[in-house]
Structures are given as C-alpha cells and as structure tokens.
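Results of the structural survey
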Amino acid sequence: MDKKLINKANGLFLVLLAAQLLVTGIVSLLAARSINIGTTAGLIINQFFILIPGMIYLLVNNLNPIDFCRYKRIKISSAFMCIVFSLLIIPLIAVINAITMVVTSNTVIDMSGDIISMPWYIMVFIIGLFGPFCEEFIFRGIIFNSLNTSGRVMGSALVSGMFFGLLHLNLNQFGYAFVLGLIFALLNEATGSIWSSFICHAWINTQNTLLMYGLAYLGDIMGTDYLKAAGGEMSKQVILMTGAIYLMIAVVTTALAVLLYIGIAGNEGRRDHIKAVFSKKDEMAGSKSRLMTIWGWVAIAVCFFVIFVLDVIMGIA
C-alpha cells in the first residue's frame, strides 16, 4: 500500500478539475468577445489538459507508464469479447441517461449541432479514439491503479469511477459516466490491461458519434430533427417510457454482460483473481486505508457545487 500515491491521486483529480474549469472559463470569456475557437480545437485542448497533468504525475513519481498503467497485450479473442461486452452494457447506460434527463437535458445532444458540423472522420478520431485514450490513461491507468495500491479493488473502482463522472461537470453525463467508469475499472482488473477498457470505451464513443451523424442524415431526408427529439425536447412521460423499455432490455443484456465479463477474465487467466476480488478474499481486501483524502473531498465539493447549484438549480453552468 502506498498512502502517498493515494493522496497524490486525489491531488491529481483536483488538478484536473482546476484545469477543466480553467478551460471552460477561457472558452466562455472568448465566446463573450465573439471569438469562437471551434469544436475541434476545443475538444483537443480539453483532452490535452487531461493528458499533460497525468504525464507530469508519472514523471514526478518516477513511474513507468507502460508498467504502472498496465499497457499489457491482451488476446485478440479478448478484444472481440470486450467489443461485445460494450454492446451489452449500452441498454443499462441508456436507462441511467433517461433517469437524468427527467431533471436535465442531454448534454451530448445539446452539443450535437457543433459536432456534426465537422467531418465525421475527424469527430470519430477525437471523440471515439483520442478522447478515450486520454481518459483511460488518466482515470484507469493512473488514478485507479494509484488507488489500487491499497488492495481495495472495488473501492478503487468506485472512487475512480466517481472522479470520472464528476469531471464531466453536468448531471446528465455524471450519471452514466460514473457507472461506465466503474465498469471500465473492473474490466481493466479482469484483464490486467488498460487496453480492454480502452477498447470498450472507444467502441461506445465511436458508435454513439456515428449514430449522431446517422440521425442527422436521416433527419435531413425525413425533414425531422431526430437529434432534438432524442434530447431535451422530449416530454418527461416519453423519457420515462423510453427508460422503462430500455430497463426491460437492460435486465437481460446486463446479465449477459456479467457472464461475458467472467469469460473475459477466464480468457486472460484471471478468473480466480476476479473471484477473490468480489468475494473479498484477495490478499489486501481487509485494508482500512482511506481512498479519499482532503484533496479529493475538496474537488468533490467543487464538482457538486458546479453540477447541482450552477447546472441543475440555476441552469448557468
């Protein structure tokens, strides 16, 4: 157990939050002066403000990124299983998305106009590949693995997932990003490799991006704005009905995802390890070390203020 590394991981999240708020503030200031940096530039800058603090973290702590972040090869069969796994968890994410849309709008759909104004292949690269690479590097590669030095795998997955969700700074994305962050961390643990969570993350983002372009194209043909229909313009009754349908599907697909998860762990020779994690029989499961330090709590307090006070209550975030 490395208490200093756990404290530094909490501090890293606070730094990431400060960077995110700084970028948001600069973009807003430029927009107020009628200076638009563009969707592509904004997304890339956002990711670099995530990537650079992580690289500094590894350098300062003298950590090998390949070993510490677990850039370990996985079997081709496991990679394909991860893709199927990502498809199986989508209905669950859709349910969570529908729940948050009862009280707030769909943040990604709100941005859809800016996204589809760019060529699809550029957005697939930025949102579908570059974004997941940076986020997996930080949240699973560094933060999860730093917290995981405590031996508390489930606790580390929950905290890193919560950090991942909170950094989106809006209620809609927080809900499903939190769950995805938890799932990605556990998938990372099932294979012992960050490539598994990257594949899952990249596949979900890529297909969602392509779906956005597909809906826009279909809308042009049919004369209906399907993107708005999928976003905040739906009534609460329609949102709840849609969520209920997805819930019925999710019951089946999530159960299949659990079985496939076990299969992925077995395929990588880590089934016994995963059994130990969930049965709390792993060597350090009894560790009482704190995963949250003062830096993490400060960051969470700021995030909740931005999300629930500025975004949900005042609607100005």
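See the structure printed just above.
Residues numbered from 1 in each chain as written. Predicted model: local features only at pLDDT ≥ 70, side-chain atom pairs only at ≥ 80, totals over all residues. Heavy atoms only, no water.

Attention now goes to the overall build of the protein. Looking only at helices and strands, the protein has 14 helices and 0 strands in total. Scanning the protein from its N terminus toward the C terminus, one meets helices and strands in the order α-α-α-α-α-α-α-α-α-α-α-α-α-α. The C-alpha radius of gyration computed for the protein amounts to 20 Å, which stays within 12% of the reference 20 Å derived for 317 residues, consistent with globular compactness. Each of the three principal axes of the protein carries a C-alpha extent, and together these read 60 × 45 × 35 Å. Classification of the 317 residues of the protein by burial places 49% in the buried group. Restricting to contacts in the protein with at least 6 residues of sequence separation, those with at least 24 account for 84%. In the structure as shown, the protein presents an accessible area of about 15600 Å², 70% of it carried by carbon and sulfur atoms. In the protein, 19 side chains carry a positive charge and 15 a negative one; their mean positions are 11 Å apart. (Helix = DSSP H or I, 4+ residues; strand = E, 2+ residues; numbered from the N terminus. Rg over C-alpha atoms; globule rule 2.2 N^0.38 Å. Buried < 20%, exposed > 50% of the residue type's maximum accessible area, 1.4 Å probe, protein only. Contact = heavy atoms within 4.5 Å. Areas by Shrake-Rupley, 256 points an atom, 1.4 Å probe, with all protein chains shown as cover. Lys, Arg positive; Asp, Glu negative; His and termini not counted. Charge placed at Lys NZ, Arg CZ, Asp CG, Glu CD.)

Right, let's talk about the packing of aromatic side chains for a bit. This model, assessed by the stated rule, comprises 13 aromatic pairs. Considering the side-chain rings of F174 and F178, the 5.8 Å spacing of their centres and the 20° angle between planes classify their relative orientation as stacked. Note that F174 and F178 are positioned in helix 9 (residues 171-191) at a spacing of 4 residues, about one turn of the helix. Judged by relative accessible area, F178 falls into the partly exposed class, the value being 25%. Through a chain of ring-to-ring contacts, three or more aromatic side chains come together here, namely Y71, F133, W195 and F198. Note that R140 overlies the ring of F164, its terminal NZ or CZ placed 4.5 Å from the centroid. (Phe/Tyr/Trp six-rings, centres within 6.5 Å; stacked < 30°, edge-to-face > 60°. Lys NZ or Arg CZ within 6 Å of the ring centre and 35° of its normal.)

It is worth spelling out helix 9 at this point. The periodicity of an α-helix, 3.6 residues per turn, causes residues three or four places apart in sequence to face the same way. Compared with an ideal rise of 1.5 Å per residue, which puts 21 residues at 30 Å, helix 9 spans 30 Å between its outermost C-alpha atoms and is within 8% of the ideal. Along helix 9, 19 of the 21 residues are buried, which leaves the element largely enclosed by surrounding structure. The backbone nitrogen of N172 has a side-chain oxygen 3.4 Å away, supplied by the residue at the start of helix 9, namely N170. Phi turns positive one or two residues past the end of helix 9, at G192, with a value near 70°. (Expected span 1.5 Å × (residues − 1). Polar contact = N/O pair within 3.5 Å; in protein donor to acceptor, adjacent residues only side chain to side chain.)

What follows covers the environment of N170. Tracing the sequence through the fold places N170 in the loop between helix 8 (153-166) and helix 9. With 136 residues separating them in the primary sequence, N170 and V306 have C-alpha atoms 7.7 Å apart.

One non-glycine residue, N62, lies in positive phi territory at about 55°. Judged by its relative accessible area of 70%, N62 is exposed. Phi is positive for R70, which is not a glycine, with a value near 65°. For R70, the position within the fold is in the loop between helix 3 (65-68) and helix 4 (76-100).

Overall, R70 belongs to the buried group, its relative accessible area being 17%. For R70, the contacting residues outside a window of four places in its chain are P65, F144, N145, N188, E189, G192, S193, I194 and R270.

With that out of the way, let us pick up the pattern of salt bridges. Where side chains of opposite charge bring their charged atoms close, a pairing between them can arise. Taken as a whole and assessed by the stated rule, the structure comprises 4 salt bridges. We note a salt bridge from E136 to R140, for which the minimum N-O separation is 2.6 Å. Placement of both E136 and R140 in helix 7 (residues 120-147) is noted, with a separation of 4 residues, approximately one turn of the helix. Its relative accessible area of 1% is what places E136 among the buried residues. R270 is the salt-bridge partner of E189, the closest N and O atoms lying 3.6 Å from each other. Placement of E189 in helix 9 and of R270 in the loop between helix 12 (236-267) and helix 13 (271-279) is noted, with a sequence separation of 81 residues between them. (Salt bridge = Lys/Arg side-chain N within 4 Å of Asp/Glu carboxyl O.)

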